[in-house]
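# Architecture at a glance
One-letter residues, chain by chain:
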Amino acid sequence: MRISSFQIYRHGLEGILDQQSGIDRLQRQLSSGKRFSLPSEAPVEASQVLSFKERSARVKQYQNNILQARNRLGLEESAVGAAVDVVQRVRELTVQGLNGTNSLQDRKAIAAELRQRLDELLEIANTRDPNGEYLFAGGRSRTRPFVHDGTGRFTYAGDQGVRALRISDTRTVRIGHSGTDVFLSAPGSGKSAFSTLYQVAADMEAGTPNAASLDDIDAVLDHLLQVQAEIGARQQALDAQEAINADYLLGVETARSRIEDTDFASASIEYQRRLIAIQAAQQAFVKVNGLSLFNFL
Amino acid sequence: MGSSILGIATGSLIAMQRALATTGNNIANANTEGYTRQRVDLTIQTPQLTGAGYVGTGVRVEGVRRLYDAFLESQLRASIAARDGASTYAEFASQVDNILADPNTGLAPAMEQFFAAVQQVADDPTSMEARGQLLSQAGALVDRFRYVDGRLVGLQRDFDSTLTEAVSQANRLIQDIAALNEDIVRAYGAAGGQPPNDLLDKRDRLVLELSKLVKVTTVEQDDHALNVFIGKGQAAVIGLTPNTLEVIPGSPDGSRLEVGIRTGSGAPVRVSENLTGGKIGGLLDFRRQILEPSRDRIGRLAVVLGASFNLQHRRGQDLDGNLGGDFFRLNNPSDRIFPDLQGGSTATLAVQFDPATITELRASEYRASFDGTQWTVERLSDGTTRSGTGPITFDGMTFTFGGAAKAGDRFLVQPVRYAAQDLAVAVNDARQVAAALPVRLEEAVDANGVPTNQGTAAITDLAVVDPGAFSLPMTMIYRQSTGRFEDGSGNPLFTYDPATDAPKTVTLGGVSFTVQGAPADGDRFVIEANSGGVGDNGNALALAALQTAPLVDGASATLGESYGQMVSDVGIRTRDANMVFDSQEALARQAQDRHDALSGVNLDEEAANLMRFQQAYQAAARIVHVFDAMFQSLLDAVR
């Protein structure tokens, strides 16, 4: 095919310019560590990376929720553990007081400690978290849940609600128990923990402790242990989900990196190749454009 | 006898001179853009009839013509038009892609941060800090919507000025081509049919320039004037008469620029749909396929996010025990209605968003038209219609018509085009964030607060469906004899058989809940107002769940997915435009090569021609010398 002089020049120049733009792109990749700096350079990949970042951010928020849930459950665990200790001590005192060798004076002394334990349990039931929310007031967390009028009447000003947090796209976990659940419910006795302790203290004060009250105390104890078990199960669920989330984050990050980050090995090799190519193109250009019949006329 | 030899020699000298001049012209113009190499057409002089037969009388120049092929030229124009159209489209599309897909300033990170703030409120609903942070992130989200849309608006203004400039450039070229037509026709006439090569080159160059702006096809008339058609056959130049190409305001939306052609002194006719190829075609395609749909899609996202969030927020309760109000303030779709009414019509149209069906909202313009008996609303993105006489509910909006309409009345509606601009936060007090449920469930307890229900039934997943339908407190007592739950007065509420129904989801009195387990006879549950329940995070959880709920496009995509689809669509179109550009560039280079193969100057070839014609000139000069010698001999013979 016939070639015009301008075409010879243009082809040579286009070759050089094409190589230059290729080298420029590789230089940017090597220096920034990213395959593309603007989304429009690799539009499909850019939108994939965006989707990875969105999923990753959401799962990181779930990990944060898990952290907060763990804190809350930890607080609850300490409180319930303390309550268990109190009720166990009450049981010891009751057994001790039931012993026939006690005098009335002895029993009055035990009753005094029993009343102290009752107050202690009340305080535990009114525990607050560092933000000032009551742990065992259900949804009415800014209202002091348990009030004792001093004569064995206990009123609960909270409700039966339980807060839940989201730890994955499909799972929520409850991070507490209502006051009703922990301190007022004692399946088997039908009496709240406070009523039971109050009654035991009152009987002990009068010098007539009732052996049947041990059953009531055991009912309270059993229920508290069950609450403890529920807390433990929830904490385990948190740990398991945290591990799953962490794996997921790792997978997403790996996928993102594969798309977005420069593959230094292949980029360097191609860079070298193009340097050679551009040198060849430049030398060829000079050679070819120096050839002319006019040199011989 | 003698004169014919001299005549042959001088004729040859003159012819070779012309040839050398033409060769010199080619060499001089080797680098002139648009120059077509010229060749002298040599032909024999009419032979003389003598007694010895026909004797040749030498050479003469028939004409100087360009080495030009109209087909190659038209191929070059076509691939340049396609290439420049793709490159303009890709250039503008890339800008939209960069705006939307930016991982730092795009909408995706703003939505993530907003929902993360909602989760923080769910984690700690009584914390004023978390609530304040939510309001602050909501403000940031609204700002980001405005920023992204604002950049698209800026791009729109760039588009407008680029289009105006390109159209005025094209118009100038059209006028110049028509003027050249006149010159060329006159030049042909004055030269008795000889082609005015440089004028022809100039006209070809103008047509090529025009090809960069819009697709061009040409037809040469018998008088050598060139008829020029642009796009899909719109007449730009007919003979010596140019039409005027100009930018005109659209109708009925006057802010949308269109391209119009004015014939003579008449009114301009809109031809935008018929202009393809070149910069103008690329611009118009870009606006239709990317710019306007992107603004609509972002606006649609803003409305669906705002309306869905509002709907859920109104189902919650704030720190002061009040039902939540609107969290976001949305645009009013009635603000962007363009009427196009027949004379004497008093028709009116009002458009409202319908929160209950907002997932049906599309990213499109709508046209409502009256045919004499009923209104038809058409979704312009794909032509789907819905008709009726009363208010029409379509795609998450209600169209209410009023006044006296005439057949042919039309309205253009752009319900979501400006939604992102107008989105705002409607809550300014952190206490008004409705994080709690307005209702709570209580199981029966005695005077000491000890639970009294004997069965194993539990009621869970309490949710609000319609706060307007509340009838609180709602007492539910299980009666084994009738196998159902009844209210305090014995009225039946719903049946429940633990063996077959568990778990059973019930909607009652504006709330929904799930019943499971086995209730004992007389077990009592109450759904009551959640007074003082500030630590409840039920509504905050529901608000946070909107992030992963399929809210968009008829409940098929989440907010993030819908945005991702938009980014991906623009990205794919950008990539495709780049690919089209690359292949059209290669085709254009090939077309240029084929064109230059015929019409380009090769200096080596011209050098060889110089030698050739120079030798012929020298040989012809020799003939003169020989003739002179012959004549001298003759004179000497008769002295």
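The structure we're discussing is the one just above.
Residues numbered from 1 in each chain as written. Chains lettered and ligands numbered in written order. Predicted model: local features only at pLDDT ≥ 70, side-chain atom pairs only at ≥ 80, totals over all residues. Heavy atoms only, no water.

### Focus on the overall build of chain B
Along its length, chain B carries ten helices and 29 strands. Its C-alpha radius of gyration of 41 Å places chain B more than 25% over the 26 Å reference for a compact globule of 639 residues. Dimensions of chain B, computed from C-alpha atoms along their principal axes, come out at roughly 165 × 55 × 45 Å. With 639 residues in all, chain B has 47% of them scored as buried. For chain B, restricting intrachain contacts to residue pairs at least 6 apart in sequence, the fraction spanning at least 24 positions comes to 68%. Total accessible area computed for chain B in this model is approximately 27,400 Å², and 50% of it derives from carbon and sulfur atoms. Positive and negative side-chain charges of chain B, numbering 54 and 76 respectively, have mean locations separated by a distance of 8 Å. (Helix = DSSP H or I, 4+ residues; strand = E, 2+ residues; numbered from the N terminus. Rg over C-alpha atoms; globule rule 2.2 N^0.38 Å. Buried < 20%, exposed > 50% of the residue type's maximum accessible area, 1.4 Å probe, protein only. Contact = heavy atoms within 4.5 Å. Areas by Shrake-Rupley, 256 points an atom, 1.4 Å probe, with all protein chains shown as cover. Lys, Arg positive; Asp, Glu negative; His and termini not counted. Charge placed at Lys NZ, Arg CZ, Asp CG, Glu CD.)

### Side note on the overall build of chain A
Across its full length, chain A holds seven helices and four strands. When the helices and strands of chain A are read in sequence order from the N terminus, they spell out α-α-α-β-β-β-β-α-α-α-α. Against the 2.2 N^0.38 benchmark of 19 Å for 297 residues, chain A shows a C-alpha radius of gyration of 39 Å, more extended than a compact globule. Principal-axis analysis of the C-alpha atoms places the extent of chain A at approximately 140 × 30 × 25 Å. Here chain A holds 297 residues, and the buried ones make up 46% of them. Counting contacts in chain A only where the partners sit at least 6 residues apart, residues at least 24 apart contribute 70% of the total. Of the charged side chains in chain A, 34 are positive and 36 negative; the average position of the first set lies 9 Å away from that of the second.

### Focus: the side chain of B:Asn331
All names here are of chain B. Mapped onto the elements, asparagine 331 comes out in the loop between β12 (328–329) and β13 (337–340). Accessibility expressed as a relative area gives 9% for asparagine 331, which makes it buried. Here proline 415 takes part through its backbone oxygen, which lies 3.1 Å from a polar atom of the side chain of asparagine 331. For asparagine 331, the residues in contact, after removing those within four places along its chain, are Val303, Phe353, Pro415, Ala419 and Asp422. (Polar contact = N/O pair within 3.5 Å; in protein donor to acceptor, adjacent residues only side chain to side chain.)

### Structural notes on the sheet that holds strand β9 (residues 244–249) of chain B
Residues and elements named next belong to chain B. Across the sheet, which stays open at both edges, the three strands sit in the order β9-β10-β11 with antiparallel pairing between neighbours. Taken across any chain shown, the strands that pair with only one partner, and hence form the sheet edges, are β9 and β11 (269–270). Set on the sheet, helix α4 (residues 128–190) makes contact with β9 and β10 (257–262); between it and β9 the angle comes to about 155°. (Pairing = 2+ DSSP bridges. Axes fitted to C-alpha atoms, helices over the stretch in contact; angles between N-to-C directions.)

### Some thoughts on the sheet that holds strand β7 (residues 234–238) of chain B
Residue and element names in this part refer to chain B. Across the sheet, which stays open at both edges, the four strands sit in the order β5-β6-β7-β8 with antiparallel pairing between neighbours. Edge positions in the sheet fall to β5 (216–220) and β8 (241–242), since each of these pairs with one other strand and no more. Relative to β8, β7 is paired through two bridges, and the arrangement is antiparallel. The partner of isoleucine 238 across the bridge, within β8, is threonine 241. Helix-sheet contacts for helix α5 (residues 197–213) involve β5 and β6 (226–230), and the interaxial angle to β5 is about 150°.

### Observations concerning the interface of chain A and chain B
Across the boundary between the two partners, chain A contributes 52 residues, which contact 66 residues of chain B. For the pair chain A and chain B, the summed buried area comes to about 4,900 Å², and 51% of that belongs to carbon and sulfur atoms. If you sort the residues of chain A by the area they bury against chain B, A:Arg2, A:Leu50 and A:Gln160 come out on top, with a joint share of 14%. Remark: the boundary between chain A and chain B carries six salt bridges. B:Arg589 serves as the salt-bridge partner of A:Asp18, at 3.5 Å between the closest nitrogen and oxygen. There are 33 residue pairs in polar contact (both at pLDDT 80 or more) connecting chain A and chain B. The leading source of residues in the side of chain A that touches chain B is helix α2 (residues 43–98) of chain A, at 14 residues. Its residues assigned to classes, the side of chain A that touches chain B shows 18 nonpolar, 19 polar and 15 charged. (Buried area = accessible area lost by both parts, 1.4 Å probe. Salt bridge = Lys/Arg side-chain N within 4 Å of Asp/Glu carboxyl O. Nonpolar A, V, L, I, M, F, W, Y, C, P; charged D, E, K, R; others polar.)

### Looking at the pairing of strand β15 (residues 366–370) of chain B
Residues and elements named next belong to chain B. Covered by surrounding structure in β15 are Tyr366, Ala368 and Phe370 only, the residues Arg367 and Ser369 on the alternate face being uncovered. Connecting the antiparallel pair β15 and strand β16 (residues 375–379) is a turn made up of four residues, with glycine 372 showing a positive phi of about 115°. For β15 and strand β20 (residues 410–413), the ladder comprises four bridges, and the chain directions are antiparallel. Bridging from a neighbouring strand, serine 369 pairs with arginine 410 of β20.

### A look at the pattern of salt bridges
Residues and elements named next belong to chain A. Under the definition given, this model contains 71 salt bridges over all chains. The salt bridge involving glutamate 133 is made with arginine 72; its shortest N-O contact spans 3.4 Å. One end of the pair, glutamate 133, is in the loop between α3 (104–125) and β1 (146–148); the other, arginine 72, is in helix α2, and 61 residues separate them in sequence. Both residues of the pair, glutamate 133 and arginine 72, belong to the buried class.

### Regarding the nonpolar core
Membership of the largest hydrophobic core comes to 122 residues, with the highest contact counts inside it found for B:Phe114, B:Phe145, B:Leu210, B:Ile280, B:Phe327, B:Phe399 and B:Tyr563. Counting residues per element, this core draws most heavily on α4(B), which supplies 20 residues. With near-sequence residues (within four places) excluded, B:Phe114 lies in contact with B:Leu134, B:Gln137, B:Ala138, B:Leu141, B:Phe309, B:Phe327 and B:Phe328. Listed in part, the 46 residues of the second largest apolar core include A:Ala69, A:Leu73, A:Leu135 and A:Val200. (Core = buried A, V, L, I, M, F, W, Y, C linked by side-chain atoms within 4.5 Å.)

### With respect to the side chain of A:Ser141
Among the secondary structure elements, A:Ser141 is positioned in the loop between α3 and β1. The class of A:Ser141 is buried, set by a relative accessible area of 1%. The residues touching A:Ser141, leaving out its near neighbours within four places in the chain, are A:Gly132, A:Glu133, A:Tyr134, A:Arg163, B:Thr126, B:Val534 and B:Gly535.

### Quick look at the pairing of β6(B)
Consecutive side chains of a regular strand alternate in pointing toward one face of the sheet and then the other. All names here are of chain B. A large share of β6 lies buried, amounting to four of its five residues. Bridge analysis of β5 against β6 gives five bridges, and the strand direction is antiparallel. The partner of threonine 218 across the bridge, within β6, is valine 228. The turn linking β5 back onto β6 is made up of five residues, and histidine 224 within it adopts a positive phi angle of 75°. Relative to β7, β6 runs antiparallel, the two sharing three bridges.

### Examining the packing of aromatic side chains
Applying the stated criterion across every chain, the model contains 29 aromatic pairs over all chains. Measuring from ring centre to ring centre gives 6.2 Å for B:Phe485 and B:Tyr496, while their planes differ by 50°; the resulting arrangement is tilted. Residue B:Phe485 is located in strand β25 (residues 484–486), and its partner B:Tyr496 is located in the loop between β26 (492–495) and β27 (504–508); the two are separated by eleven residues in the primary sequence. For the pair formed by B:Phe485 and B:Tyr496, the shared burial category is buried. Each member of the aromatic cluster is reached from another via a ring pair, and the members are A:Phe136, A:Phe146, A:Phe154, A:Tyr156, A:Phe183, A:Phe194 and A:Tyr198. Its end group placed over the ring of B:Tyr418, B:Arg295 keeps NZ or CZ at 4.5 Å from the ring centre. (Phe/Tyr/Trp six-rings, centres within 6.5 Å; stacked < 30°, edge-to-face > 60°. Lys NZ or Arg CZ within 6 Å of the ring centre and 35° of its normal.)

### As for helix α6 (residues 278–313) of chain B
Residue and element names in this part refer to chain B. Taking 1.5 Å of rise per residue, the 36 residues of α6 would be expected to cover 52 Å, and the 51 Å separating its terminal C-alpha atoms lies within 8% of that figure. Remark: the principal bend of α6, roughly 45°, maps to arginine 287. Burial analysis of α6 places 30 of its 36 residues in the buried class, which makes it a mostly covered element. (Expected span 1.5 Å × (residues − 1). Bend = angle between axes of the 7 residues up to and from the residue.)

### Details of α5(B)
If you check α5(B), its first and last C-alpha atoms are 25 Å apart, about what 17 residues at 1.5 Å a residue would give, namely 24 Å. Three or more residues of α5(B) are buried, namely B:Asn197, B:Leu200, B:Asp201, B:Arg203, B:Asp204, B:Leu206, B:Val207, B:Leu208, B:Leu210, B:Ser211 and B:Leu213.

### Topic: the packing of α4(B) against α5(B)
All names here are of chain B. Look at α4 against α5: their axes get within 9 Å of each other, and the N-to-C directions meet at 160°. On the basis of their axis angle, the class for α4 and α5 is roughly antiparallel. As for the relative orientation of α4 and α5, their crossing is left-handed in sense. When the residues that make up the contact of α4 with α5 are grouped by side-chain class, the tally is 15 nonpolar, two polar and five charged. (Parallel < 35°, antiparallel > 145°, perpendicular 65-115°, else oblique. Left-handed = near helix turned anticlockwise from the far one by under 90°.)

These results come straight from atomic positions and should not be treated as a statement about function.
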